[in-house]
Amino acid sequence: MSFLLFLMIFQQFLHIPAWLQVAGRMHPMFLHFPIVLLLFSFLTLWMPAKKEEDGWPEIVRFLAALSAVVAAIMGMLLSLEDDRSGQVLQWHKWSGAAITLMGFLFYRYHAFFSNKNKYGKIFAMVAVCGIMLTGHFGAELTHGENYLFGPVTKEIKRKIAPDEALVFRDVIQPILERKCVTCHSHASRKGGLMMSDTAGLLAGGKTGPLFVAGNADLSLLLQRIHLPESDKKHMPPRSRPQLTYDEVVLLRTWVNTGVLLNKKLSTLPAQDTFRVLATRFLGPVDLKDEQPQYDFAAADEKKINALNSNYRVIKPQGTGSPALAVSFFGKYAYTKKALEELLPLKQQITELSLARMPAKDDDLGIVKQMPHLRKLNLNYTEISSKGLEELTGLKNLTEITLAGTGIEVKDLEKIMGLPKLTSVFIWDTKVDTTQLAAIRKKYKKVKIETGFADDGSVITALSPPVISLPTRVFDNTVEITVKHPFHGAIIRYSLDGTSPDSANGEIYKTPILLNSSVTFTARAFKKGWLGSSDATAIYLKRGVKPDSIELITLPDPKYKANAMLLVDEDLGGMDFGNGQWMGYQKNDAACYLYFNHATNVQQVLLNTLKRLDQHIFPPAKIEVWGGIEKNKLKLLGKITPGIPAAKEKNTLNQEKISFPIASVKVLKIIATPLKALPQWHADKGKPGWTFLSEIVVE
């Protein structure tokens, strides 16, 4: 009892050695033993007095008191290691100590309690209630708040429609409640962090803020999530249910979007990445009265399945609803024919997204045949005034987005008169916002969203320039344009990856035509403003493309993808959790590239990632094997990229393996992850990760 009292009083000043931490971790499995013995010893007060002559009840009381002290000491040691805080933890500690004291008193003064049987029974019943209360507090610590009474008191939440959902309350908070709040709540503030409400979330914990709004890569929340599960700092702990891939992507996108809280999901742009992911995450609403009612029949399911693909996704708008939403992905896979093939479903399509597809005015002649279309996304397409004329017959259209198109004010008149139109999005267009007053006055029921307009009154850091084409692989030449929404901003750029400043770097004036591999970096500057951060895109000129690819080793399940990701002409960015990377840690990254005909090659380039803060390093070694037959390959070349220094920047790396010209039909590429992180790293000695997103053969 004295040692337990010492721990209770001086707990804030103690550091527990590893061997005592082991004893503390035995608390959950040992505590049931004293509970049973204490309950049984209290029952002896209701037993006939002659049973006491046997002597065994006294032994039970002694073991109960002793084991209660041991369990309480273990619990204290566990709490000192676990770095938890919170009111419930304190109640659990003190109630546990009280039960321990009562068990000791019952053993030491049993003769008194036995002689004063009435008081003894009251004491025993109070102790039993104390055991139940202590167990209740313990359950809240390990399983979450209101664990015991949750099934009968928890409010049943109805499934909310995406149009009604609030970003934090209905999308983000449910994820945190399932995977984080058990350890980070009012009851148990592990690491000083409380994630059960927005105040605690924004306050952060002992290690600082939980996130940097707008930058998931610098946010502690995402850094801890992406650590290997074997790392003790990985969250959630290995023993807890892990976040799914969709949940991780949603949290990352939420942080990058700016950590929105009480904003309605439906107020975000229709093609906003977070809105798209959150809508998919929330899923269709089952309640029919919350869905729009349509008077047309559902399409044949076989027909829908036949038209569905990775590049043309067709989804129902709700359970039992005949309405369909169609989205196109991959601009190189899009054709007018792919759009025309949807006509058998024209009666059922109510939402259509052609965002960033090479859609032209003629394509809208197909779209106008969809009589029940309500939402149309044409962001960053090649649509002009002529195309908008095709849409005048869409009597059910309520929302259209035209960001990044070439439309002008005079073109809006062609669609503003549609009877059900309520929203038009026209940011980043040629529309002069000063000329919108007359149109807004004429069409008061239509909300026209223009985005941010710089009137010169805002003094802040500039946002990065917008590069028209993201990082990619190209064949012969590629033309890129760079824009900035702030009037008067000067854009400077470099082609070698160096960061321009306000005095150095080429000034961007006209589109840039590239015919070789470059790392394009641009920054925006304006007098009286802080310069923007870098906007970087990597452009790789492709040599020969393999006809097929085969993975020899599979990536970690957390970062798996189809083998074609390595030759899909789409380079992964700095966000390694976006599905564009394959991650390897426990085994080599190895694959075969096949060519239908003998092909001369002399260089292989691997697009890899360097994120030192996330254990992601360049491969320790890369080998390229080649030949005509798969079982008769010879080593063509190899490199050892070397271990980065501690303060090197996180970057995309292009590892080049050059060799004498060889005629091959098969290439075998092996990238070996770093076996142990360097001594300068905070997690030195642990295995590193290798991430690949594209292989270019020349």
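Residues numbered from 1 in each chain as written. Predicted model: local features only at pLDDT ≥ 70, side-chain atom pairs only at ≥ 80, totals over all residues. Heavy atoms only, no water.

*Asks:* So what's going on with the overall build of the protein chain? Residues and values would help.
*Replies:* Counting its regular elements, the protein chain contains 20 helices and 23 strands. Here the protein chain holds 698 residues, and the buried ones make up 47% of them. Taken as a whole, the protein chain presents about 35400 Å² of accessible surface, with 57% of it coming from carbon and sulfur. (Helix = DSSP H or I, 4+ residues; strand = E, 2+ residues; numbered from the N terminus. Buried < 20%, exposed > 50% of the residue type's maximum accessible area, 1.4 Å probe, protein only. Areas by Shrake-Rupley, 256 points an atom, 1.4 Å probe, with all protein chains shown as cover.)

*Asks:* Provide a residue-level description of helix H10 (residues 167-179), including the pertinent values.
*Replies:* Over its 13 residues, H10 extends 18 Å from the first C-alpha to the last, a length consistent with the 18 Å expected when each residue adds 1.5 Å. Judged by how many residues are buried, H10 sits mostly within the fold: 10 of 13 residues are covered. Those residues of H10 not exposed but buried are Val 167, Phe 168, Asp 170, Val 171, Ile 172, Gln 173, Pro 174, Ile 175, Leu 176 and Lys 179. Those residues of H10 that are buried are in contact with helix H11 (198-203), helix H13 (245-257) and helix H14 (273-282). (Expected span 1.5 Å × (residues − 1). Contact = heavy atoms within 4.5 Å.)

*Asks:* Outline the pattern of salt bridges, supporting the account with residue identities and numerical values.
*Replies:* Working definition: two side chains of opposite charge can pair if their charged atoms are close together. One pass over the full model with this rule turns up 12 salt bridges. Of the charged contacts in the structure, one is a salt bridge between Glu 390 and Lys 368, with a shortest N-O distance of 3.0 Å. In this pair, Glu 390 is assigned in the loop between helix H18 (385-389) and strand E5 (399-401) and Lys 368 in the loop between helix H17 (364-367) and strand E4 (375-377), connecting sequence segments 22 residues apart. The salt bridge involving Asp 534 is made with Arg 523; its shortest N-O contact spans 3.9 Å. Highlighted residues: Asp 534 in the loop between strand E15 (518-525) and strand E16 (535-541) and Arg 523 in strand E15, separated in sequence by 11 residues. (Salt bridge = Lys/Arg side-chain N within 4 Å of Asp/Glu carboxyl O.)

*Asks:* Outline the sheet that holds E4, listing residues and values.
*Replies:* Strand order in the open sheet made by the seven strands is E1-E2-E3-E4-E5-E6-E7, with mixed pairing throughout. Edge positions in the sheet fall to strand E1 (312-316) and strand E7 (447-449), since each of these pairs with one other strand and no more. Here the average twist between neighbouring strands, direction ignored, is 10 degrees. Pairing of E4 with E5, which is carried by three bridges, proceeds in the parallel orientation. For Lys 375, the partnering residue across the bridge sits in E5 and is Glu 399. (Pairing = 2+ DSSP bridges. Axes fitted to C-alpha atoms, helices over the stretch in contact; angles between N-to-C directions.)

*Asks:* Describe H14, with residues and values.
*Replies:* Every buried residue of H14 is listed here: Phe 274, Arg 275, Leu 277, Ala 278 and Leu 282. Relative to the axis of H14, the buried residues are bounded by an arc of 165 degrees and lie together on one face. (Arc of directions from axis to C-beta.)

*Asks:* Could you give me a rundown of the side chain of His 615, with the residues and numbers involved?
*Replies:* Relative to the helices and strands, His 615 is located in the loop between strand E19 (589-610) and strand E20 (621-627). The residues touching His 615, leaving out its near neighbours within four places in the chain, are Leu 227, Pro 228, Asp 231, Leu 677, His 681, Asp 683, Pro 687, Gly 688 and Trp 689.

*Asks:* Before we move on, could you go through the sheet that holds strand E13 (residues 506-507) and cite the residues and values that matter?
*Replies:* Strand order in the open sheet formed by five strands is E9-E16-E15-E12-E13, and the pairing between neighbours is mixed. Edge positions in the sheet fall to strand E9 (472-474) and E13, since each of these pairs with one other strand and no more. Direction of pairing for strand E12 (residues 490-494) relative to E13: antiparallel, over a ladder of two bridges. Bridge pairing links Tyr 493 to Glu 506 in E13.

*Asks:* Explain the nonpolar core to me, using residue names and the numbers behind them.
*Replies:* Grouped together as the largest cluster of nonpolar side chains are 46 residues, with contacts concentrated most on Phe 328, Leu 339, Leu 352, Val 367, Leu 391, Ile 400 and Leu 402. A per-element tally of this core places helix H19 (residues 409-416) first, with four residues. Excluding its chain neighbours within four sequence positions, the residues that come into contact with Phe 328 are Tyr 311, Arg 312, Tyr 334, Ala 338, Leu 339, Leu 342, Leu 352, Ser 353, Leu 354 and Met 357. Core analysis: the next-biggest nonpolar cluster, separate from the first, contains 34 residues, Ile 172, Leu 222, Leu 265 and Leu 282 among them. (Core = buried A, V, L, I, M, F, W, Y, C linked by side-chain atoms within 4.5 Å.)

*Asks:* Help me get a handle on unusual backbone geometry, residues and values and all.
*Replies:* At Arg 356, a position not held by glycine, the phi torsion is positive, near 65 degrees. Mapped onto the elements of the fold, Arg 356 is located in the loop between strand E3 (349-353) and H17. A positive phi angle is found at His 615, which is not glycine, with a value near 70 degrees. On the accessibility criterion, His 615 (1% relative accessible area) is buried.

*Asks:* Outline the packing of H10 against H13, supporting the account with residue identities and numerical values.
*Replies:* Two quantities define a packed helix pair, namely the angle between the helix axes and the distance between the axes. Axis separation between H10 and H13 bottoms out at 11 Å; the angle between their running directions is 130 degrees. Regarding the angle of H10 to H13, the classification is oblique. You can see that H10 and H13 cross each other, and the crossing is left-handed. Here H10 contributes Val 167, Phe 168, Val 171, Ile 172, Ile 175, Leu 176, Arg 178 and Lys 179 to the contact with H13, which in turn contributes Glu 247, Leu 250, Leu 251 and Trp 254. Looking at the contact of H10 with H13 residue by residue, the classes come out as nine nonpolar, no polar and three charged. (Parallel < 35°, antiparallel > 145°, perpendicular 65-115°, else oblique. Left-handed = near helix turned anticlockwise from the far one by under 90°. Nonpolar A, V, L, I, M, F, W, Y, C, P; charged D, E, K, R; others polar.)

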